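# Architecture at a glance
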Amino acid sequence: MFKRLTALLAGAALVAIASVSLGTSAQAAPSPKSNPLLCFDGASEGSGNGTCVRQGSSFTLTNPEPGDYSGVYVENQSLGGLPVRSLVLSYTYAGTVGGGSPRISVPLAGGGYAYVDAACDANLDGVVNLAEPGCIISDSNGFYGLAADYTGVTGTSYAFIVADQPGTVVVSEIKLGRTPPGKNKG
Ligand SMILES: [Ca+2]
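Predicted model only: the values in this text are computed from it and were never measured. (Residues numbered from 1 in each chain as written. Predicted model: local features only at pLDDT ≥ 70, side-chain atom pairs only at ≥ 80, totals over all residues.)

What follows deals with the overall build of the protein. The number of helices and strands found in the protein is one helix and 12 strands. Residue burial in the protein is summarised as follows: out of 186 residues, 33% are buried. For the protein, the proportion of contacts with a sequence separation of at least 24, taken over those separated by at least 6, is 65%. (Helix = DSSP H or I, 4+ residues; strand = E, 2+ residues; numbered from the N terminus. Buried ≥ 20, exposed ≤ 12 C-beta atoms within 10 Å, placed from the backbone. Contact = placed C-beta atoms within 7 Å.)

Read across the open sheet, the five strands follow the order β2-β3-β12-β5-β8; overall the sheet is antiparallel. The open sheet has two edge strands, β2 (51-55) and β8 (127-129), and neither has a second partner. Sheet twist, expressed as the average angle between the axes of neighbouring strands with direction ignored, equals 25°. Here seven bridges tie strand β5 (residues 88-95) to strand β12 (residues 167-177), and the two strands are oriented antiparallel to one another. Within β12, the position partnered with Leu89 by the bridge is Leu176. (Pairing = 2+ DSSP bridges. Axes fitted to C-alpha atoms, helices over the stretch in contact; angles between N-to-C directions.)

In structure tokens, the structure reads:
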């Protein structure tokens, strides 16, 4: 009887500790089930007048002048050691497109970024998708070619979409993740 009571008390103590730590971490981090998409922009970072405004799953990126920027990133994402071509990278775009804007930037192991922009929209349907046949990508180390031929590997950071040409573009249906289609939340 005594042993049983002790076990019950120990169990209750563990539950209490678990509740406390859960309560603390819940404030510091969102659910591990999803990696929320968040805006970033020059206007809120004290660097120009670019703005990102979210409405549901659509993000309106507005850059009044050259040098302005705005974009979307994935909170709490840590890519690392994955072939870039294996990532689930896609978005729908409408508005000002050109000069590599908007684009997905993916951090590379060893430095630099891989870029996925409208050149990847081979069938010109307004959807950029890394898995699309004929998708052309580039990187900051001089690569320009088919995504299927790309051998770059991700570094330990997060992928983001950025617009940095004057004008307004709406990006939506954004996938910046590492998980297979259907499971991707980021
Ligand atoms: Ca397309």
